[in-house]
Amino acid sequence: MDTKIIILDVNNIARDIINEAGQVIKDGGLVAFPTETVYGLGANALDKNAVEKIFKAKGRPQDNPLIVHVANCNIENLVKEVPNIANEIMSKYWPGPITLIFNKSELIPDTTSAGLKTVGIRMPSSIIARKLIEAAGTPIAAPSANISGRPSPTEVESCIEDLSGKIEYILGGEKSQIGLESTIVDCTCNPPCILRPGAITLEMLKEIDDRIYIDKSIMSKPKKDFKPRAPGMKYRHYAPKAPVKIISGDIEKTIAKINEIVQTNMGNKKIGIIATDETKDKYPYGTVVSLGNRKQLDTVGRNLFEVLRSFDAIDVDLILSEAFEEKGLGYAIMNRLKKSAGFDITLRIGK
Ligand code: AMP
Ligand code: MG
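Residues numbered from 1 in each chain as written. Chains lettered and ligands numbered in written order. Predicted model: local features only at pLDDT ≥ 70, side-chain atom pairs only at ≥ 80, totals over all residues. Heavy atoms only, no water.

A word on the pairing of strand β15 (residues 318-322)
Right, so step 1: Among the 5 residues of β15, 5 are classified as buried, and the element is accordingly described as predominantly covered.
Right, so step 2: Residues L318, L320 and E322 point to one face of β15 and I319 and S321 to the other, with burial holding for every one of them.
Right, so step 3: Examined bridge by bridge, strand β12 (residues 244-249) and β15 share 4 bridges and lie parallel to one another. For I246, the partnering residue across the bridge sits in β15 and is S321. (Buried < 20%, exposed > 50% of the residue type's maximum accessible area, 1.4 Å probe, protein only. Helix = DSSP H or I, 4+ residues; strand = E, 2+ residues; numbered from the N terminus. Pairing = 2+ DSSP bridges.)

A few points about the nonpolar core
Right, so step 1: Residues L41, I89, W94, I98, L100, I121 and L205 are the most contacted members of the largest nonpolar core, which totals 73 residues.
Right, so step 2: Apart from residues lying up to four places away in sequence, L205 is in contact with I89, Y93, I98, T183, V185, I194, I200 and I212.
Right, so step 3: Counting residues in each nonpolar core, the second largest holds 21 residues, with I6, V31, A71 and A136 among its members. (Core = buried A, V, L, I, M, F, W, Y, C linked by side-chain atoms within 4.5 Å. Contact = heavy atoms within 4.5 Å.)

Details of the packing of aromatic side chains
Right, so step 1: A full pass over the atoms with the stated rule returns 0 aromatic pairs.
Right, so step 2: Seen from the ring of F324, R294 lies directly overhead, with NZ or CZ sitting 4.6 Å from the centre. (Phe/Tyr/Trp six-rings, centres within 6.5 Å; stacked < 30°, edge-to-face > 60°. Lys NZ or Arg CZ within 6 Å of the ring centre and 35° of its normal.)

So, helix α9 (residues 297-313)
Right, so step 1: For α9, with 17 residues, the first-to-last C-alpha span of 25 Å sits near the 24 Å given by 1.5 Å per residue.
Right, so step 2: Structurally, α9 contributes buried residues whose contacts are with α6 (156-163), β13 (271-275), β14 (287-290), β15 and α10 (329-340).
Right, so step 3: Just downstream of α9 lies D315, where phi reads positive at about 55 degrees. (Expected span 1.5 Å × (residues − 1).)

A look at α10
Right, so step 1: Look at α10: 17 Å from first C-alpha to last across 12 residues, which is about the 16 Å you get at 1.5 Å a residue.
Right, so step 2: When you tally the buried positions in α10, you get 12 out of 12 residues, the bulk of the element.
Right, so step 3: Inspection of α10 places L329, G330, Y331, A332, I333, M334, N335, R336, L337, K338, K339 and S340 among the buried residues, and these make up the whole buried set.
Right, so step 4: As for α10, its buried residues are in contact with β10 (193-196), β11 (213-214), β12, α9 and β15.
Right, so step 5: Among the residues trailing α10, G342 stands out with phi positive, at a value near 75 degrees.

Quick notes on the pairing of β10
Right, so step 1: Inspection of the sheet shows strand β9 (residues 183-186) paired to β10 by 3 bridges, in the antiparallel sense. By the bridge assignment for β10, V185 is matched with I194.
Right, so step 2: Connecting β9 to the next strand, β10, in antiparallel fashion are 6 residues.
Right, so step 3: As defined by bridge partners, β10 adjoins β11 across 2 bridges and the pair is classed as parallel. Counterpart to C193 in the pairing with β11 is Y213.

This is the structure:
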């Protein structure tokens with residue numbers, strides 16, 4: 001299939017291009033598009049045949065549901081009911097990087113919800129995304145626009161790498177501002193529960209209701225018979241080709257440990273190091289990439305997936321990463337890093 005690729009000027013979004021891409025969605029085709037979290041791979045959320053194409057293009061497991069993207073807060077026809085707490089979260093954080101889970105209405109096909117009785121809905125703040133949804137005249141189901149298992153794309157080049165030739169249209173325009181997928185909050189239970197951490201943090205949600213909590217299972221390796229509340233939790237994710245090891249604890253000891261591992265393995269392995277601006281000059285060997293300044297976790301979050309992808313391009317054999325404190329945005333960053341490492345190989349040094 002020929003894929004049409006258009007990079008939009010964010011400050012002057014071309015109406016005719018948005019309309020053309022919207023028409024592709026209306027006609028049951030697939031469009032990759034930017035959002036503030038990561039790039040999405042979109043189809044008409046209400047058309048089961050269109051949604052099936054997303055699963056095929058990504059190689060996505062059939063039991064992993066999609067998030068439905070909307071352009072405004074009028075979601076009544078998509079869900080059975082909107083609990084008060086969901087209304088409060090929506091009025092405070094929509095449009096923005098947070099997905100809410102509701103009991104779904106008959107309008108949402110089972111393919112979109114992967115057989116669940118619930119549906120995840122989000123209103124993105126990205127103007128291109130919202131204009132596309134409006135032009136399509138329908139909610140857009142969109143998981144991240146990567147081949148299943150790979151780190152999510154935050155730049156159009158990564159979408160092109162993964163999906164060119166497999167879908168009708170790729171819209172580029174802006175690097176994703178946040179770079180991590182949306183926070184997911186299950187509003188079908190009381191109190192609501194965070195199923196995936198993201199840029200809208202636990203601390204921010206507790207301002208609305210301090211009973212909101214994080215599902216315990218999201219920071220540990222799932223057991224074999226684990227039935228996750230967010231099915232995506234059970235899959236290996238965000239994974240570059242090479243194994244990832246996270247070294248956590250005191251930063252000076254972390255640096256020493258990483259250098260020790262690099263020196264021991266240097267003879268037979270090409271090693272990538274995920275460092276930060278404060279530490280990057282302290283690694284004499286290996287391919288060192290900085291995620292940014294430790295005091296600016298938003299930059300670290302924005303860079304994480306492309307840094308993981310960059311190690312694929314240079315074919316390293318092993319990736320060693322520094323860790324971040326698991327609070328605020330650091331919680332979401334560590335969740336993605338741990339998933340990319342397969343959870344169970346974190347080396348804790350001291351503290
Ligand atoms: P992606 O956008 O590729 O990160 O995929 C969407 C994520 O949202 C997946 O991990 C799903 O498990 C999660 N998700 C979507 N809908 C639901 C739902 N109804 N219940 C729980 N999790 C959901
Ligand atoms: Mg994904």
